[in-house]
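A closer look at the structure
Take a look at the letters that make up each chain.
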Amino acid sequence: MPETKKRIGILISGRGSNMLALADAVRDGRIPDADIALVISNVADAAGLTKAAARGIAIITLDHRGKTHEQHDQAMAAALREARVDVVCLAGYMRLLSPWFTNEFKGRVLNIHPSLLPAFPGLHGARDALSYGVKFTGCTVHLVDEHLDHGPILKQAVVPVFSNDTEDSLSARILVEEHRIYAEAVAMLLHSDWRIEGRSFK
Ligand code: GAR
């Protein structure tokens, strides 16, 4: 029998709240006809790994240290292929993927980032928005290409910045929206008719 459910692979490096939000969305049917096939962490003691295992999700650690960038990405690709994933979701995976990897999974890798890209790419989206003094920021789900926080955008959500915000309070408000739009974007990628014109999803 051909597989009918779409298989989602998730890469993490840390606490894994977006990973859990995707698992919740699969469980609740907001991402229909899908399974979380595998969670890979490049950090052995990432809190997200324990949380995934507690849900019965298959987990592996692939330490990037002592390998070239491409060797590490090839090891991840082999595990993702073995798990027969249809889409790869970066969920707080704090390493740039090699051009080899993004080409291998072209059009099938998504990232969530805590800013309204192209503003404030990099490691500190909320902190950078706060320092810049913007009144609104948010989060972005985009297809991953070989550049940092860069590919075509599937979904964005706007979050207000308040005058008494700290990095923590702003990040927490953004995170609520991250969890919502990531599930919507994955459902859209897996189950809608879409095409890309230039940088735009249609
Ligand atoms: C999230 O806020 C995600 O947007 C961000 O890391 C956090 C991971 O949290 N990603 C980036 O900044 C990527 N450039 P989580 O582990 O709880 O999902």
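Details of the structure are given in the entry above.
Now for a quick tour of the structure. As the structure is a computational prediction, the values presented were derived from the model and not from experiment.

1. Description of the site of the ligand
Neighbouring the ligand are 13 residues, the closest being Arg15, Gly16, Ser17, Asn18 and Glu178. Taking Asn18, its side chain carries an N or O atom lying 2.9 Å from an oxygen atom of the ligand. Between the ligand and Ile112 there is a distance of 3.5 Å, counted from an oxygen atom to a backbone nitrogen or oxygen. Expressed as a share of its isolated accessible area of 440 Å², the protein-covered part of the ligand is 90%. Using a 2 Å cut-off from the grid points, one finds that the ligand occupies the largest pocket. Those elements giving two or more residues to the shell around the ligand turn out to be α1 (17-28), β5 (109-113) and α6 (167-191). In the shell around the ligand, the residues fall into four nonpolar, six polar and three charged.

2. A closer look at the environment of Cys89
Checked against the element boundaries, Cys89 lands in strand β4 (residues 87-90). With residues near it in sequence (within four places) discarded, Cys89 still touches Ile8, Gly9, Ile10, Leu11, Leu22, Leu110, Tyr182 and Val186.

3. Brief notes about the pairing of strand β6 (residues 136-143)
Burial analysis of β6 places seven of its eight residues in the buried class, which makes it a mostly covered element. With four bridges joining them, β5 and β6 adopt antiparallel strand pairing. Bridging across to β6, Ile112 finds its partner in Val141. Judged from the seven bridges that link them, β6 and strand β7 (residues 153-160) form a sheet pairing that is antiparallel. Paired with Phe136 across the two strands is Pro160, which belongs to β7.

4. Some details on the pattern of salt bridges
For the structure on display, the rule yields 13 salt bridges. Asp63 is the partner of Arg65 in a salt bridge, and the nearest nitrogen-oxygen pair spans 2.7 Å. For the salt bridge of Glu167 with Arg127, the shortest nitrogen-to-oxygen distance reads 3.1 Å. Taken together, the residues Glu167 in helix α6 and Arg127 in helix α5 (residues 125-132) connect sequence positions 40 residues apart. By sharing partners, the salt bridges in this structure join Asp24, Arg27, Asp28, Arg30 and Arg55 into a single network.

Thresholds, definitions, all that
Along each chain, residues carry numbers from 1 onward, in the same order as the chain's sequence is written. A pLDDT threshold of at least 70 governs which residues receive local features in this predicted model, and a stricter bar of 80 or more applies before side-chain atom pairs are shown or counted, although totals over entire chains, interfaces and linings include all residues. Based on all heavy atoms of the structure, the side-chain values leave hydrogens and waters out of the count. A cutoff of 4 Å decides nearness: a residue is near a molecule or strand if any of its heavy atoms lies inside that distance of it. Residues adjacent in sequence count toward polar contacts only when both atoms are side-chain atoms; beyond that, a polar contact is any pair of N or O atoms within 3.5 Å, and within protein one must be able to donate a hydrogen and the other to accept it. Surface accessibility follows the Shrake-Rupley procedure with a 1.4 Å probe radius. Residue values consider only the protein chains on display as shielding. Every definition here rests on a 1 Å grid over the protein atoms only: cavities are sets of points where a 1.4 Å probe fits but cannot get out, pockets are open sets enclosed by protein on both sides within 12 Å along at least five of seven lines, and lining residues have some atom within 4 Å of a point. Throughout, a molecule is located in a cavity or pocket provided that more than half of its atoms lie within 2 Å of its grid points. Strands here mean DSSP runs of E at least two residues long; helices mean DSSP runs of H or I at least four residues long; both are numbered from the N terminus. Here the term charged refers only to Asp, Glu, Lys and Arg, the term nonpolar to Ala, Val, Leu, Ile, Met, Phe, Trp, Tyr, Cys and Pro, and the term polar to all other amino acids, Gly among them. The criterion used for residue contact is that any of the two residues' heavy atoms lie within 4.5 Å. Relative accessible area decides the class of each residue, using a 1.4 Å probe on protein chains only: under 20% of the type maximum gives buried, over 50% gives exposed, and in between gives partly exposed. Pairing between two strands is assigned when DSSP locates at least 2 bridges connecting them. A side-chain nitrogen of Lys or Arg and a carboxyl oxygen of Asp or Glu constitute a salt bridge if their distance falls within 4 Å.

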